[in-house]
Amino acid sequence: MKDERSVKRGVSRYAAPKYLATEPVRRRVLGAALNIVAYVVMIGVAASTIGPFVIMLSVALTERVSTITFPMKIIPDPFSLANFILLLNSTMALRWLFNSAYVATIATLGGVITSTMAGYAFARGEFVGKILLFSLFLGILIMPNEALIVPQFVVLSRLGLVNTYTALIGPWFASIFGTFFMRQQYLSIPRDYDDAAIIDGANLWQIYAIVLLPQLKPAIVTLGILRFMGNWNAFLYPMIVTSRAHLRTLPVGLGTVARAGGDAGLDMAGAALGFIPTFLVFVIGQKYIIQGVSLSGVKG
Amino acid sequence: MAEMMESPATHLASKVWKQFLRSARWYPFLLANVVVFAIWNLVPWVSMIEVSFSKWDMLTPREWVGIDNFAGMAQDGLLRIALCNTFLYALMYVPTVMLVSFLVALFVNRPVPGMKAFRALYFLPNVTSVVVLSIVYWRLLAPRADSPLNYLLGLVGIAPQRYFLSTSQALPSVAGVAVWSSFGYLMVLWLAGLQGIPQELYDAALVDGASGLKLHLHVTLPMLRPTAAFILITSTISALQIFESIFVLTGGGPVNATLTVVYHIYRQAFIFGRLGYASAVSILFFAIILAIALIQGKHLRFGEGIY
């Protein structure tokens, strides 16, 4: 990592001119002061970032809270799971949770597999229509999905696919972003591997599955986590294509019953239910997510 | 003679056939992408243009109305409000989130222990569903005097505010929540930009006698231009597409104060059943996004590596 300290190290590597001799002392004092300021600011920002989540969990686990008022007790008192029990009994939250898990799992697996396949074709293949397809896909990438929700609904209802899992999973079964992302990963592998495998008599599928894919595990995991998060949190499209409550995903279900006049405890229990799965994935895959974002600029 | 006449043709045919065979090996790898692309992009595009010239609620037969839907947009007062609100929202959100995320990135880029943990914490809202965040914020920014934010403001002597229930504060409040929930994502992009600046540039500037603020002014900022351009265009485009937080937090209200373009499209199509008109507005919306992407696109350095 390139940082202030290595800037200093960099200077000492070359013989620094005399007039810089007093710099390190001044810089060190200044640096220490800046570090203290940095910590104070960072802790303040962190408090405002986590604060809402802490309040959410605390209220969700407290018995009967009608409104959130300050000052409040952060440790739930009296502690109770009543809000969650009421949520599961009064809404279809459990079904929505299942739908989200089912849709996100299949969509992620499907999207990642097709991305590795298409990425391979774009990285290594020579075929008629390559440039045309490549440009078409690039065009879709720029297009705002929100502009297409109306005709997507029209097409899906003509196909009789509204209110089906197929509609929820379908568009996620291929990823233009994933295709380009994987293509770039394949390009980083020397073609010598392909050539050697061809000499050994391997066909394209064998090169793809046995020679190349195993070398791309970190990229595949990164793409998988980004796709999972993106699918899990999707809202407008899954809302449009499902009108029946039992087919909704968790965010859509929660979004359509939010602000219905329920009490804060119930709302926060719903929010917590939506928060915990992505939080767990984030805790496990944090490194991959942040790497993936800084590599690609896309968060799902 | 006839054989000689035929031979170039058969030669060509066999050449085409050979090329097809060579190509055909690759097509199965692209099959899923092409099918999904056709059903969810290509066909909807054609259908959007087709439907935009008709009056249709999906229950009664479609009625051809020519350019009535497009002409109707000029008379649609709500569309004008939605366009104004959407651009106003982008104007509030984009500069704020860019500045906040940049300052935070400068802080967490310092080589002191614990910064990695801070980065992870700041990123947390970005993996959380906007619906979840909105449900929580709707309560935190309640208009009551003892709601969390009003209580905190009260500590520094500011009177309770009405936030999402006030026509003047609703849009800024939605933008504020968006800044809070997405600065960590842009911070990661700034960090990638900061760490991509070659060390040699700093070394050279130091040898030349630059230090401290000057170092950043003459090395860091110019080198971050591609990153800034990428963040500017992507956050502008994502701001123009705002829908989810509006849906949960305000429902477009109060008195259309937070009615945005996508929310307008959604309501026209799925609440009022005006699919033709909603398609026409969708085309307008797409044209706006495309124009912004093209104007800014030449600065869009991102993707040179990936695409």
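What you see is a predicted model; the values in this text were computed from it and never measured.

Peer 1: What is the right way to read the overall build of chain B from this model?
Peer 2: Looking only at helices and strands, chain B features 14 helices and 2 strands. Relative to its length of 307 residues, chain B is extended, with a C-alpha radius of gyration of 27 Å against a globular reference of 19 Å. Summarising its shape, the C-alpha atoms of chain B cover approximately 100 × 70 × 30 Å along the three principal directions. Within chain B, the fraction of its 307 residues that count as buried is 40%. Here the contacts in chain B between residues at least 6 apart in sequence split such that 68% fall between residues at least 24 apart.

Peer 1: How do you make sense of the overall build of chain A when you look at a structure like this?
Peer 2: Counting secondary structure elements, chain A contains 14 helices and 0 strands. Going from N to C terminus, chain A has its helices and strands arranged as α-α-α-α-α-α-α-α-α-α-α-α-α-α. For chain A, the proportion of its 300 residues judged to be buried stands at 40%. Restricting to contacts in chain A with at least 6 residues of sequence separation, those with at least 24 account for 78%.

Peer 1: Mind showing me how you'd approach the interface of chain A and chain B here?
Peer 2: Accessible area lost upon the coming together of the parts is a frequently used measure of interface size. Contact residues are listed per partner, giving 85 residues for chain A and 93 residues for chain B. In terms of residue count, the dominant contributor to the side of chain A that touches chain B is helix H14 (residues 264–296) of chain A (14 residues). Residue classes in the side of chain A that touches chain B are distributed as 53 nonpolar, 22 polar and 10 charged.

Peer 1: Please explain the environment of Ala24 of chain B as it appears in this structure.
Peer 2: All names here are of chain B. In this structure, Ala24 sits in helix H1 (residues 2–24). Exposure remark for Ala24: the 11 C-beta atoms within 10 Å place this residue in the exposed category. Linking Ala24 and Leu153, residues 129 residues apart in sequence, is a C-alpha distance of 67 Å.

Peer 1: Please explain the environment of Ala32 of chain B as it appears in this structure.
Peer 2: Tracing the chain through its elements places Ala32 of chain B in helix H2 (residues 27–52). When the 18 C-beta atoms within 10 Å are taken as the criterion, Ala32 of chain B is described as partly exposed. Separated by 50 residues in sequence, Ala32 of chain B and Ala82 of chain B have C-alpha atoms that sit 37 Å apart. The residues contacting Ala32 of chain B, other than those within four sequence positions of it, are Thr114, Phe173 and Ala174 of chain A.

Peer 1: I would appreciate a short explanation of helix H8 (residues 176–187) of chain A in the present structure.
Peer 2: Note on helix geometry: an α-helix contains 3.6 residues per turn, so any two residues three or four positions apart are oriented the same way. For H8 of chain A, which comprises 12 residues, the first-to-last C-alpha distance of 17 Å matches the rise-based estimate of 16 Å (1.5 Å per residue) to within 8%. The buried fraction of H8 of chain A is high, at 10 of 12 residues. Those residues of H8 of chain A that fall on the buried side of the exposure criterion are Ile176, Phe177, Gly178, Thr179, Phe180, Phe181, Met182, Arg183, Gln185 and Tyr186 of chain A. Contacts from the buried residues of H8 of chain A go to helix H4 (93–124), helix H5 (130–142), helix H10 (204–212), helix H11 (217–233) and H14 of chain A together with H2 of chain B.

Peer 1: I'm lost on the packing of helix H6 (residues 149–158) of chain A against H2 of chain B in this one. Help?
Peer 2: Angle between the axes and distance between the axes are the two parameters that describe a pair of packed helices. Orientation of H6 of chain A relative to H2 of chain B, taken along the N-to-C sense of each, is 100°, at an axis distance of 8 Å. Considering the angle they form, H6 of chain A stands roughly perpendicular to H2 of chain B. Residues Val150, Pro151, Gln152, Val154 and Val155 of chain A of H6 of chain A form the contact with H2 of chain B, whose participating residues are Ile39, Trp40, Val43, Pro44, Ser47, Met48 and Val51 of chain B. Residues that form the contact of H6 of chain A with H2 of chain B fall into these classes: 10 nonpolar, 2 polar and no charged.

Peer 1: I tried to follow the nonpolar core on my own but got confused; where do I start?
Peer 2: Across soluble globular proteins, nonpolar side chains have a tendency to be buried as a group. Membership of the largest hydrophobic core comes to 153 residues, with the highest contact counts inside it found for Met56 and Val150 of chain A together with Tyr93, Met187, Val188 and Ile265 of chain B. With residues up to four places along the chain from it excluded, the contact list for Val188 of chain B reads Ile290, Val293 and Ser294 of chain A together with Phe123 of chain B.

Peer 1: Please clarify how unusual backbone geometry should be interpreted in this entry.
Peer 2: A negative phi angle characterises most non-glycine residues, just as the trans form characterises most peptide bonds. A positive phi angle, close to 65°, is found at Asn163 of chain A, a residue other than glycine. Among the structural elements, Asn163 of chain A can be located in the loop between H6 and helix H7 (165–169). The phi dihedral of Val255 of chain B falls on the positive side, at around 50°, and the residue is not glycine. In this structure, Val255 of chain B sits in the loop between helix H12 (244–249) and helix H13 (261–271).

Peer 1: Even after reading the chapter, I still don't get helix H5 (residues 115–127) of chain B, so can you show me in this structure?
Peer 2: With 13 residues, H5 of chain B should reach 18 Å at 1.5 Å per residue; the first-to-last C-alpha distance of 19 Å fits that figure. Taken together, the buried positions of H5 of chain B are occupied by Phe118, Arg119, Tyr122, Phe123, Leu124, Pro125, Asn126 and Val127 of chain B.

Peer 1: What should I look at first to understand the confidence of the model for chain A in this one?
Peer 2: In low-pLDDT segments, the atomic positions of the prediction should not be examined closely. Overall, the predicted model of chain A reaches an average pLDDT of 84, with 90% of residues at or above 70. Below pLDDT 50 for its whole length, residues 1–16 of chain A participates in 22 contacts with residues either more than four positions away or in separate chains.

Peer 1: Would you explain the environment of Ile199 of chain A in this entry?
Peer 2: You can see Ile199 of chain A is positioned in helix H9 (residues 192–199). Along the backbone, Ile199 of chain A and Arg64 of chain A are 135 residues apart, and their C-alpha atoms lie at a distance of 71 Å.

Peer 1: What is the right way to look at the packing of H8 of chain A against H11 of chain A in this model?
Peer 2: Residues and elements named next belong to chain A. Running from N to C, H8 and H11 cross one another at 165°; their axes reach a closest spacing of 11 Å. On the basis of their axis angle, the class for H8 and H11 is roughly antiparallel. Like other packed secondary-structure pairs, H8 and H11 cross with a definite hand, here right-handed. Contacts from Gly178, Phe181, Met182 and Gln185 of H8 reach H11 at Ala219, Leu223 and Arg227. Across the contact of H8 with H11, the residue classes tally to 4 nonpolar, 2 polar and 1 charged.

Criteria and thresholds
- Residues numbered from 1 in each chain as written.
- Chains lettered and ligands numbered in written order.
- Predicted model: local features only at pLDDT ≥ 70, side-chain atom pairs only at ≥ 80, totals over all residues.
- Helix = DSSP H or I, 4+ residues; strand = E, 2+ residues; numbered from the N terminus.
- Rg over C-alpha atoms; globule rule 2.2 N^0.38 Å.
- Buried ≥ 20, exposed ≤ 12 C-beta atoms within 10 Å, placed from the backbone.
- Contact = placed C-beta atoms within 7 Å.
- Nonpolar A, V, L, I, M, F, W, Y, C, P; charged D, E, K, R; others polar.
- Expected span 1.5 Å × (residues − 1).
- Axes fitted to C-alpha atoms, helices over the stretch in contact; angles between N-to-C directions.
- Parallel < 35°, antiparallel > 145°, perpendicular 65-115°, else oblique.
- Core = buried A, V, L, I, M, F, W, Y, C linked by C-beta atoms within 7 Å.
- pLDDT = per-residue confidence, 0-100.
- Left-handed = near helix turned anticlockwise from the far one by under 90°.

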